Amino acid sequence: MKKLKVWGPIVGILACIVGAYLYLSENRGLELNLKKNDPVAAKEAQTKIDKSFETPVSSDVTEEYETMKDGELIQEVHDMTHQKVEADKKWGSSEITADKVQTLYNVIKNKDFQNGSTKDMLLAILEPWIRKDFSNVVSAHNRIWSYQNGNIGKATRLLTPQEELEYIEDQFR
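Since the model is a prediction, treat every value here as computed from it, not as a measurement.

**A word on the environment of Asn136**
Structurally, the position occupied by Asn136 is in the loop between helix H6 (116-130) and helix H7 (137-147). Look at Asn136 and you get buried, because its relative accessible area is 16%. As for Asn136 and Ile125, which are separated by 11 residues in sequence, their C-alpha atoms are 7.1 Å apart. Those residues in contact with Asn136, other than ones at most four positions away along the chain, are Ala124, Ile125, Pro128 and Trp129.

**Some remarks on the packing of helix H3 (residues 59-67) against helix H5 (residues 98-109)**
Two elements in contact, H3 and H5, have axes separated by 9 Å at closest approach and are oriented at 20°. Here H3 is positioned roughly parallel relative to H5, judged by the angle of their axes. Relative to H5, the crossing made by H3 is right-handed. In this structure, H3 contributes Val61, Thr62, Tyr65 and Glu66 to the contact, and H5 contributes Asp99, Lys100, Thr103, Leu104 and Val107. Along the lines of polarity and charge, the residues of the contact of H3 with H5 split into four nonpolar, two polar and three charged.

**Some details on the side chain of Asn142**
In this structure, Asn142 sits in helix H7. Residue classification places Asn142 among the buried positions, given a relative accessible area of 13%. Apart from the residues lying within four places of it in its own chain, the contact partners of Asn142 are Lys154 and Ala155.

**Regarding a negative patch on the surface**
The grouping of Asp60, Glu63, Glu64, Glu66 and Glu72 at the surface amounts to a negative patch. Ranked by residues supplied to the negative patch, first place goes to H3 with four residues. Tracing the sequence through the fold places Glu64 in helix H3. Residue classification places Glu64 among the partly exposed positions, given a relative accessible area of 44%.

Thresholds, definitions, all that
Residues numbered from 1 in each chain as written. Predicted model: local features only at pLDDT ≥ 70, side-chain atom pairs only at ≥ 80, totals over all residues. Heavy atoms only, no water. Helix = DSSP H or I, 4+ residues; strand = E, 2+ residues; numbered from the N terminus. Buried < 20%, exposed > 50% of the residue type's maximum accessible area, 1.4 Å probe, protein only. Contact = heavy atoms within 4.5 Å. Axes fitted to C-alpha atoms, helices over the stretch in contact; angles between N-to-C directions. Parallel < 35°, antiparallel > 145°, perpendicular 65-115°, else oblique. Left-handed = near helix turned anticlockwise from the far one by under 90°. Nonpolar A, V, L, I, M, F, W, Y, C, P; charged D, E, K, R; others polar. Patch = residues over 30% accessible without salt bridge, like charges linked within 9 Å, V, L, I, M, F, W, Y side chains within 5 Å. Areas by Shrake-Rupley, 256 points an atom, 1.4 Å probe, with all protein chains shown as cover. Salt bridge = Lys/Arg side-chain N within 4 Å of Asp/Glu carboxyl O. Lys, Arg positive; Asp, Glu negative; His and termini not counted. Charge placed at Lys NZ, Arg CZ, Asp CG, Glu CD.

Right, dumping it as structure tokens:
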């Protein structure tokens, strides 16, 4: 009987903690869903993303592009797409910034690739990004993903500005 007297309150406390966690998790999900549909929150998130895009990058990062092999440059662009797309799995990430996009574009343009169509693919992906046009990012991700014989992690859609900002904060801040 003494064991029941001790365990009864402990089980009750644990049940309360689990219940509170589930309640708060459910409400947090609801809160996030409401924010995803909030045009004001979307505009605020996009402003932060635009500011992030303009953040200067260390010359060490951009100089590294000069020494990358073809496959590494392909992977860098692929990793950048992860910032903007929804996919079941994402391996690798690289923040998209104006400096990085412009430097990558210039390096790829001036580099001799073993396969000329690879060079053309990467330049076609990056060229709109220089103008902050990321409307091709889902198809860009999937084109590279297919090129790399991907079978898990196909991009399904663009992230909302709020989702992208959350990704940036989780991965790069």
